[in-house]
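Residue-level structural notes
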4 protein chains.
Amino acid sequence: MCRWLAYTGSPILLEKALYSPANSLIDQSLHSKLGAEATNGDGFGVGWYDDAATPGVFRSIEPAWNDQNLRELSAHITSGHFFAHIRAAIGSAVQQTNCHPFRHGHWLFMHNGFLADFARVKRQLALAVDESLYSEISGQADTELLFYLALTLGLEDDPPDAVARAIGLVEQVGETKGVKYPFQGTIATTDGERMWAFRYSTEGRSRSLFFTGSVPVLRKLYPDLPVLDEVSDESRLVVSEPIGNLPGAWHEVPESSYGVVGDGDNQLRSFKVKPPAVSVAVGA
Amino acid sequence: MCRWLAYTGSPILLEKALYSPANSLIDQSLHSKLGAEATNGDGFGVGWYDDAATPGVFRSIEPAWNDQNLRELSAHITSGHFFAHIRAAIGSAVQQTNCHPFRHGHWLFMHNGFLADFARVKRQLALAVDESLYSEISGQADTELLFYLALTLGLEDDPPDAVARAIGLVEQVGETKGVKYPFQGTIATTDGERMWAFRYSTEGRSRSLFFTGSVPVLRKLYPDLPVLDEVSDESRLVVSEPIGNLPGAWHEVPESSYGVVGDGDNQLRSFKVKPPAVSVAVGA
Amino acid sequence: MCRWLAYTGSPILLEKALYSPANSLIDQSLHSKLGAEATNGDGFGVGWYDDAATPGVFRSIEPAWNDQNLRELSAHITSGHFFAHIRAAIGSAVQQTNCHPFRHGHWLFMHNGFLADFARVKRQLALAVDESLYSEISGQADTELLFYLALTLGLEDDPPDAVARAIGLVEQVGETKGVKYPFQGTIATTDGERMWAFRYSTEGRSRSLFFTGSVPVLRKLYPDLPVLDEVSDESRLVVSEPIGNLPGAWHEVPESSYGVVGDGDNQLRSFKVKPPAVSVAVGA
Amino acid sequence: MCRWLAYTGSPILLEKALYSPANSLIDQSLHSKLGAEATNGDGFGVGWYDDAATPGVFRSIEPAWNDQNLRELSAHITSGHFFAHIRAAIGSAVQQTNCHPFRHGHWLFMHNGFLADFARVKRQLALAVDESLYSEISGQADTELLFYLALTLGLEDDPPDAVARAIGLVEQVGETKGVKYPFQGTIATTDGERMWAFRYSTEGRSRSLFFTGSVPVLRKLYPDLPVLDEVSDESRLVVSEPIGNLPGAWHEVPESSYGVVGDGDNQLRSFKVKPPAVSVAVGA
């Protein structure tokens, strides 16, 4: 099981989110808890936005807790919008091209979960990727393929619709291949302005997803957390699991829902899978 | 441009072929010449046969000349049939899953060359891989895909025919995509008993391919090469480029030809590409 | 905390010890249990003896459970005498030169534990390494330094005496630097014929150390373990922690003791630290 | 032989110096020329200054031309003061801790050259490192040791004096050990404000060292180089070898000289080795 976090708000040093002391708002996910959970040692990645045309992405196959370069970069890169992901490989190789977040243009995408029986559905799904995008795929991870399906289905125009259709396709192909519960997981995607976070599984028992409440409320709850004085009121953190020991700080995203944060937007909505509306030669 | 060598004969320590002193028969390819040719620093691999059911494969993304583990293994692994490859990446990522040799069951496959404009033909070619094999593909290298096409087209039954059809398919798809010279390179493949080495390019200006002459003749030419006393008379080395400074030792495989060595077999034949005899929805 | 295993007996494939199924005699240490214990993800190493003049050593900074090359080698290397170690770094960098086992000539050495406050004692200890050995040190791990101290103090002639003196020196230097409990851990060393395993800590609360009982007795206890039919009666496994769920199979080495196994030898003795008998300019 | 570059001037994206097109002022060193020179494939490092208390350092053991993370960071990190180094290992292991630049506090240090017969002089030199600094040494490279000697001898107070004494010590110890020409190379060091670049060798045949002339003059010479419009008049590049095809752009630092640039300072002086003024028990 992977873990991830997504931050949007006032620009902060990445290390504030990734390495802060134990009682900080945004802490242990990539540090202490990693240290206690071996299954997140199969590489990691961070993606961040700044003034450049495309977001930066740094990925490594070393466990995050070992990576000296990650510490260096986190202490020198400031961003108001970033993703971080620590990977627990299930099936595909431990290599940089399989590490999240994945990038296309100015979009990032990451996932905690899996496409069930990936070996059985992989070829059909690969066929459904738009030809103009196909050659950009550089690894073999299920999540990278899901990202390219979502791009094929309009991620850049309407993220919730495209993700609903991409998962719809995964379920449709899975069904024809006899896969019981084809999709599981939480997904985050962003264009650098807003981010969308989804919680869904075919089975209806989805992996967890949390977001922080309003910063002014958090400041009252935790007046001694220095990071809260640094960030603007509307800053938000979205995570696969709560981090830190901060009762009251985290709100759970309900089953089959998605949230939007950033750029003045801030919503929580129900999520329903849609038919892909793409013709895939399923029997091919 | 990659470099490779293939050995078949009496079992020897791998280091005899990979690290022997400068005047040895089988030397500098992975050592001194590597040291002079930066473009072969994008990873390497060795594959070897012993008593186990499948050949061993050791691959690394470090330059071969740096890899302490390669030195260790070469000094401890003895084999009468092995492949070694040093990679110069052109396009696909430097990662273990893109390093040669590739393996399926007890077959190995490696290549010095490329599928031209790979991004343009990749999707069509991936579609042509048999569904039962598709999910085994673990990297994104053009050669790995070529190997799976050859397997789809009968490599395990008739290697020259399958390679001819696989390249035929590459040329057919390339033509529909406007690729001028779709295939270039030398290929080696083996089942652990015999090995087949091909030299071909659409353009008719193929990368080089050499093999050693008879060991008894070599012993007369180079009486001071200790490795020649260790190997049986029918031992053979096939290489992408001559190694060592050994006039008379190397015979060039002619343009559009292939050779078979091992298991008592020893032939040189002309090579002609064949129609793939597989229906690929080229317009898809 | 690191984990290690040492095997001596009939030659077996390394994978029998490192990757066997859950109920095998020599199993989960480097596999399932690793999967549950993140702190052993900081690299690993194996060292093995065969016909070559020096043992082979394969080390990597990837977590052992990820390393495809380790699986390959384990399935192809057969040895009657080998060490395996999985590392949990405490302080020194995650790099191959800090991975155990360490090698000098035909000796191997590994350790689960630490030299307390290493930064404070390191320089004094480095000074005590014999000048002819000093330049061989290639990493910065406390264990590598301990190994070179033991070599300086006669490891190749009398391992128990040299280890006792090396730890004696660590304690002597530690004392002058105000280190409370300078040494902790279990050590294994071998010349390829016999292996010595030590359990000791200044504090008298040493990390655990276990060895397997006689193979004929094990066969009666576990008649369905196929590996037991492959190994000779006097084969032995020594481990930092029991592996598998095999009640009755493991005997604990008592506090402040050491054992010798291999080459017909098989003893358990008490271990006492000795004055180093080397002049170290402690005040320097 | 390593290569390095040092930049001081108006803040620019690192990629302007490391990856710019062929006719740019600061180009091919880490890109095209690397591609032609295998001996610079043993890792690399960059160190840069920004608002943080200490400079950032990113080091990797992959060849620079392969490293996707280096490309990413170079496209996102802006600095007005940075070092870049590509390594050709001679003797010490290819590991991050042996990659330049080395850092202590807010100082960086890098080197193209070697301490001759390092194995013979290493121990004596290590003894001379101040005890408070000794435990910070994290690799085994000759340059890292030289850096710690320079720090011991006052680098932070008077860089030219400390470097002169550190090399003086290397020569003194070398002489007692029978090393003919103990020191060779060019060195760059910086505190983030000014940088010092030295060219010296015991033999008097030192590796090359170049710096760019005044930017206004360069703009007249090369009116079409866009990077020249981005940088301030006093920006300077110091390199181990000229980069680009830019006649008139490069000035050679004479044999046995050093230069200072940055912070309004801009001088070229002669360099003479000094007695170390540190008591080293040379006979120890």
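Residues numbered from 1 in each chain as written. Chains lettered and ligands numbered in written order. Predicted model: local features only at pLDDT ≥ 70, side-chain atom pairs only at ≥ 80, totals over all residues. Heavy atoms only, no water.

What to know about the interface of chain A and chain D
Each partner contributes residues to the interface: chain A has 19 residues there, and chain D has 19 residues. Approximately 1,300 Å² of surface area, both sides summed, lies buried where chain A meets chain D, with 44% of it carried by carbon and sulfur atoms. Considering only the surface of chain A that becomes buried against chain D, A:Asn69, A:Glu72 and A:His76 emerge as the three largest contributors, covering 41% of it. At the surface where chain A touches chain D, the tally comes to two salt bridges. Notably, a salt bridge pairs D:Glu72 with A:Arg103, separated by 2.6 Å at the nearest N-O pair. At the boundary of chain A and chain D, one finds 12 residue pairs in polar contact (both at pLDDT 80 or more). (Contact = heavy atoms within 4.5 Å. Buried area = accessible area lost by both parts, 1.4 Å probe. Salt bridge = Lys/Arg side-chain N within 4 Å of Asp/Glu carboxyl O. Polar contact = N/O pair within 3.5 Å; in protein donor to acceptor, adjacent residues only side chain to side chain.)

Observations regarding the relation of the copies chain A and chain D
Superposing chain A onto chain D takes a rotation of 180 degrees combined with a translation of 0.0 Å along the rotation axis, leaving an RMSD of 0.0 Å. Taken together, these values place the two copies in the relation of a two-fold axis. Minimal C-alpha distance to the rotation axis in chain A is attained by A:Ile77, lying at 3.9 Å. Interface overlap between copies is the fraction of interface residues in one copy that are interface residues in the other; for chain A against chain D it reaches 100%, indicating a shared surface. (Least-squares fit on C-alpha atoms with pLDDT ≥ 70 in both.)

A closer look at the pattern of salt bridges
Considering all chains together, one arrives at 44 salt bridges over all chains under this definition. Here B:Asp233 ties to B:Arg219 by a salt bridge, and the two come within 3.0 Å at their closest N and O atoms. Residue B:Asp233 is located in the loop between helix H9 (226-230) and strand E10 (236-239), and its partner B:Arg219 is located in helix H8 (residues 215-221); the two are separated by 14 residues in the primary sequence. Residue class for B:Asp233 comes out partly exposed when judged on its relative accessible area of 42%. Measuring nitrogen to oxygen at the nearest pair gives 3.6 Å for the salt bridge that ties C:Arg123 to D:Glu131. Linking C:Arg123 in helix H4 (residues 118-128) with D:Glu131 in helix H5 (residues 131-134), this pair reaches from one chain into another. (Helix = DSSP H or I, 4+ residues; strand = E, 2+ residues; numbered from the N terminus. Buried < 20%, exposed > 50% of the residue type's maximum accessible area, 1.4 Å probe, protein only.)

Some thoughts on the relation of the copies chain D and chain C
Superposing chain D onto chain C requires a rotation of 180 degrees together with a translation of 0.0 Å along the rotation axis, leaving an RMSD of 0.0 Å. When the interface residues of chain D are mapped onto chain C, 100% of them are again interface residues, pointing to one common binding face.

Describing the sheet that holds strand E6 (residues 107-115) of chain D
Residues and elements named next belong to chain D. Taken in spatial order, the six strands line up as E5-E6-E7-E8-E12-E13 in an open sheet, and their pairing is antiparallel. Lying at the two open borders of the sheet, with one neighbouring strand each, are strand E5 (102-104) and strand E13 (265-270). On average, each strand axis in the sheet is tilted by 15 degrees relative to the strand beside it, whichever way the strands run. Bridge analysis of strand E12 (residues 257-262) against E13 gives six bridges, and the strand direction is antiparallel. Looking at E13, one finds that Val261 is bridged to Asn266. (Pairing = 2+ DSSP bridges. Axes fitted to C-alpha atoms, helices over the stretch in contact; angles between N-to-C directions.)

Observations regarding unusual backbone geometry
Negative phi characterises most residues that are not glycine, and trans characterises most peptide bonds. In this structure, A:Pro101 follows A:His100 across a cis peptide bond, with omega equal to -10 degrees. If you trace the backbone, A:Pro101 turns up in the loop between strand E4 (78-86) and strand E5 (102-104). Phi at A:Asp117 takes a positive value of approximately 50 degrees, unusual for a residue other than glycine. Examined against the element boundaries, A:Asp117 turns out to sit in the loop between strand E6 (107-115) and helix H4 (118-128). The class of A:Asp117 is partly exposed, set by a relative accessible area of 38%. Phi is positive for D:Ser256, which is not a glycine, with a value near 55 degrees. Relative to the helices and strands, D:Ser256 resides in the loop between strand E11 (250-252) and E12.

Some remarks on the side chain of D:Glu171
Residues and elements named next belong to chain D. Note on placement: Glu171 falls in helix H7 (residues 159-176). For the buried Glu171, no salt bridge is present, and the opposite-charge side chain at shortest range is Arg165, 12 Å distant. When neighbours within four sequence positions are excluded, Glu171 is seen to be in contact with Pro182, Tyr200, Thr202 and Val273. (Lys, Arg positive; Asp, Glu negative; His and termini not counted.)

Examining the environment of B:Arg59
When you line up the elements, B:Arg59 lands in strand E3 (residues 56-60). A relative accessible area of 16% means that B:Arg59 is categorised as buried. In this view, B:Arg59 contacts B:Phe44, B:Gly45, B:Gln96, B:Thr97, B:Cys99, B:His100, B:Pro101, B:Phe102 and C:Asn69; residues no more than four positions away in its chain are not counted. Reaching out from B:Arg59, the side chain makes a polar contact with the backbone oxygen of B:Gln96 at a distance of 3.3 Å.

Examining the interface of chain D and chain C
Listed per partner, the contact involves 19 residues of chain D and 19 residues of chain C. Between chain D and chain C, a total of about 1,600 Å² is buried, with carbon and sulfur atoms accounting for 47% of that surface. Broken down residue by residue, the surface that chain D buries against chain C is led by D:Arg123, D:Glu131 and D:Tyr134, which jointly contribute 38%. Where chain D meets chain C, there are four salt bridges. Here chain D is connected to chain C by 10 residue pairs in polar contact (both at pLDDT 80 or more). When residues of the side of chain D that touches chain C are traced back to their parent elements, those giving at least two are helix H4 (118-128) and H5 of chain D.

A closer look at the confidence of the model for chain A
Residue and element names in this part refer to chain A. The predicted model of chain A averages 87 in pLDDT, with 88% of residues at 70 or higher. The secondary structure element of chain A with the lowest average pLDDT is helix H2 (residues 32-35), at 38, and the one with the highest is E5, at 98. Note that residues 22-39 has pLDDT below 50 and, in this model, 70 contacts with residues that lie over four places away or in other chains. Taken together, the chains of this predicted complex give a pTM of 0.90 and an interface ipTM of 0.87. (pLDDT = per-residue confidence, 0-100.)

Description of the pairing of strand E8 (residues 195-201) of chain C
All names here are of chain C. Taken across its seven residues, E8 has seven buried, putting it largely inside the fold. Side chains Met195, Ala197, Arg199 and Ser201 of E8 all project onto a buried face; the interleaved residues Trp196, Phe198 and Tyr200 project onto the opposite face, where all are buried too. Sheet topology note: the strand E7 (residues 183-190)/E8 ladder contains seven bridges and is antiparallel. Bridging across to E8, Thr190 finds its partner in Met195. From the end of E7 to the start of E8, which pair antiparallel, there are four residues, and Gly192 there has a positive phi angle of about 95 degrees. The pairing of E8 with strand E12 (residues 257-262) spans five bridges and is classified as antiparallel. Looking at the pairing, Trp196 lines up with Val260 of E12.

Describing the side chain of B:Arg236
Looking at where B:Arg236 falls in the secondary structure, it is placed in strand E10. Not counting the four nearest positions on each side in its chain, B:Arg236 is found in contact with B:Ala6, B:Tyr7, B:Thr8, B:Thr212, B:Gly213, B:Ser214, B:Val215, B:Val261 and B:Asn266.

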